[in-house]
Amino acid sequence: MDLSKIKTLIDFVGRSNISELTVTEKDVTVRIFRTPDRAASAAPAQVPEKAAASPVASSSHVSANAPASAITVKAPLFGVLHRAPAPKEEPFVRVGDTVEEGQTLFIIEAMKVFNKIVAPHAGRILRLTDIDGSEVETGDVLAEIA
């Protein structure tokens, strides 16, 4: 495995919320660990329970005028966002759709792994990101559900 590939893997772990990655290529195995930040472990961030339970991402088209009861769905990791299960298929959800808790909203492709992003609770889709087939960063807002 060449050095540039290892650097890419390290960057991926740094941008995502995974704590360990193991990759084997031919006879070489690389294990990358992310240790908790000392400052973060000394003073844990206070996050409201509702927000902590909802995986989500962001877009410039998601409004700050959302109802107070709306839950924001954010991207849990860096990768390529797909709004449909396959090219030229219908998207998983559209604005106005009613969704059930655990229903797939998006797929984020990272390192050839397809990660399902699911609805944290039942409700109606108020807003969706217009990103499709492009990269999203960890924490980007993908949708709002009320």
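Reading the values: rules and limits
Residues numbered from 1 in each chain as written. Predicted model: local features only at pLDDT ≥ 70, side-chain atom pairs only at ≥ 80, totals over all residues. Heavy atoms only, no water. Helix = DSSP H or I, 4+ residues; strand = E, 2+ residues; numbered from the N terminus. Buried < 20%, exposed > 50% of the residue type's maximum accessible area, 1.4 Å probe, protein only. Polar contact = N/O pair within 3.5 Å; in protein donor to acceptor, adjacent residues only side chain to side chain. Pairing = 2+ DSSP bridges.

**Q** Break down the environment of Thr-24 for me, citing the residues and quoting the values.
**A** Residue position: Thr-24 is located in strand 1 (residues 20–25). Since its relative accessible area comes to 52%, Thr-24 is described here as exposed. For the pair formed by Thr-24 and Met-1, sequence separation is 23 residues and the distance between their alpha carbons is 8.7 Å. A polar side-chain atom of Thr-24 sits 3.0 Å from a polar atom in the side chain of Thr-29.

**Q** Lay out the pairing of strand 6 (residues 104–110) in plain terms, naming residues and giving numbers.
**A** Burial of strand 6 is extensive: 6 of the 7 residues sit out of reach of the surface. Relative to strand 6, strand 4 (residues 79–82) is paired through 3 bridges, and the arrangement is antiparallel. The residue bridging Val-80 from the neighbouring strand is Glu-109, located in strand 6. Here 6 bridges tie strand 6 to strand 7 (residues 113–118), and the two strands are oriented antiparallel to one another. Opposite Ile-107, over in strand 7, you have Lys-116 as the bridge partner.

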